[in-house]
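# Geometric and topological summary
Take a look at the letters that make up each chain.
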Amino acid sequence: MTSSPRVYSRIVGTGSALPERLVDNATLAAELGARGVETSDDWIVARTGIRQRYIASPEESSSVLGTRAARMAIETAGLAPGDIDLIIVATSTPDFVFPSTACLVQRALGIVGGAAFDVQAVCSGFVYGLTVADAMIRTGSARHALVIGAETFSRILDWNDRGTCVLFGDGAGAVVLSASDRPGILAAKLHADGRHEAILRTAGNVSHGSITGHPFLTMDGQAVFKLAVGVLDEVARETVAAAGLTVADIDWLVPHQANVRILQATGRRLGLPAEKVIVTVDRHANTSAASVPLALDVAMRDGRIREGHRVMLQGVGGGFTWGAVLVQI
Ligand code: ACO
């Protein structure tokens, strides 16, 4: 009796989408200043490395941005929408309470059948979604999966809170993950610690026809900073070890893009030179679940990340959640 060949999953296409409206720090500072909220380009750049962000119009919902990114990823993969049999959208800013943003993307792409669902792990959502898709492909439940991170965080920002509203932007990134006889995803590790749920949250909902709780994002910035820096190098080491490799085998680190100081600290703790860390937070700000696939798409398209490279994707965020996926492109 011959055993069936082992199935792996590989990233075969990437895509991204940004809203039309670009808002640089100077423009944002002027707009906030007009409502009595003081900030400056100097403060934002020095504390976060962010120089600009994209802000969605009312029409540019998470599903609209996610669909644009998905189309690009499917085209890059050389596939047709009809080939996709699994759609996972990572988002904390869905279009609706339900149906899922994944079902809205599915409809917009003209796909019928196959599974479609959302994953909610805030800024770790994309690595969570990728890990689930990898497992479903390896067990034969899907052959071509779309994994999308799509966010419109501008909709949940309190523009009177300068400690948070300068940090986030809107956008989407997507990958197509396909079954293959060659390894692509080498290892994945996911974690959560709900004891820290209160340091970063939007603790509101709709109930009996009204908004309940607090509909804006709140954050204890220093607590988030400390936790993020503590877990990111740890999970990177855990993931390379699970793949039987070491940190020296990583060609590129694509971390969640929250704050350039967190990215630099993670690179330093891992002993990776700054040139190996992909940074897009200066251009996109923090786009939560979209930030990792957006950064991956940028670095694939500008030719830095190439076939054969080993890439460490990392998420960290509300929940508190964190995780990493090591991928061979
Ligand atoms: N403009 C000007 N001044 C500001 C602003 C602003 N936008 N925001 C805060 N300040 C002021 C504060 O009021 C405070 O003033 P005070 O000293 O007079 O009270 C001063 O700046 C320092 O405030 P801190 O909150 O202590 O500033 P800190 O150095 O911690 O930087 C920051 C804040 C950038 C949020 C930092 O804590 C951080 O990066 N945390 C990580 C959190 C993060 O990136 N979250 C993103 C989401 S989480 C995730 O994606 C993982």
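That block above? That's the structure.
Remember, it's a predicted structure, so these values are computed and weren't measured experimentally.

Rules of the game
- Residues numbered from 1 in each chain as written.
- Predicted model: local features only at pLDDT ≥ 70, side-chain atom pairs only at ≥ 80, totals over all residues.
- Heavy atoms only, no water.
- Helix = DSSP H or I, 4+ residues; strand = E, 2+ residues; numbered from the N terminus.
- Buried < 20%, exposed > 50% of the residue type's maximum accessible area, 1.4 Å probe, protein only.
- Polar contact = N/O pair within 3.5 Å; in protein donor to acceptor, adjacent residues only side chain to side chain.
- Near = heavy atom within 4 Å.
- Areas by Shrake-Rupley, 256 points an atom, 1.4 Å probe, with all protein chains shown as cover.
- Phe/Tyr/Trp six-rings, centres within 6.5 Å; stacked < 30°, edge-to-face > 60°.
- Salt bridge = Lys/Arg side-chain N within 4 Å of Asp/Glu carboxyl O.

Turning our attention to the side chain of S180. With respect to the helices, strands and loops of the structure, S180 is situated in strand β7 (residues 170-180). Under the relative-accessibility criterion, S180 is labelled buried at 16%. A polar contact is formed between the side chain of S180 and the backbone nitrogen of R182, at a distance of 2.9 Å.

For the rest of this paragraph, the subject is the site of the ligand. Near the ligand there are 24 residues, and of these T39, R47, Q222, H256 and N259 occur at the shortest range. Here a nitrogen atom of the ligand and a side-chain polar atom of T39 are 2.7 Å apart. At a separation of 2.9 Å, an oxygen atom of the ligand approaches a polar side-chain atom of N286. Here the ligand has 1,000 Å² of accessible area as a free molecule, and 73% of this is covered by the chains.

We now examine the packing of aromatic side chains. Between two aromatic rings, the relevant description is the distance of the centres plus the angle of the planes. Summed over the entire model, instances satisfying the criterion amount to two aromatic pairs. Ring centres 5.3 Å apart and planes at 25 degrees place the aromatic pair F153 and F168 in the stacked group. Here F153, found in the loop between β6 (144-152) and α6 (162-165), pairs with F168, found in the loop between α6 and β7; they are 15 residues apart in sequence, far enough to count as distant. On the accessibility criterion, F168 (4% relative accessible area) is buried.

Let us look at the pattern of salt bridges. Overall, the coordinates contain nine salt bridges when judged by the stated rule. Here R182 and E307 are joined by a salt bridge, their closest N and O atoms 3.8 Å apart. Of the two residues, R182 is situated in the loop between β7 and β8 (185-192) and E307 in the loop between α10 (291-301) and β14 (310-317); the sequence distance between them amounts to 125 residues. For R182, a relative accessible area of 43% translates into the label partly exposed. The partner of R304 in a salt bridge is D302, and the shortest N-O contact between them spans 2.8 Å. On the accessibility criterion, R304 (28% relative accessible area) is partly exposed. Exposure remark for D302: the relative accessible area of 44% places this residue in the partly exposed category. Connected via shared salt-bridge partners are D233, R237 and R269.

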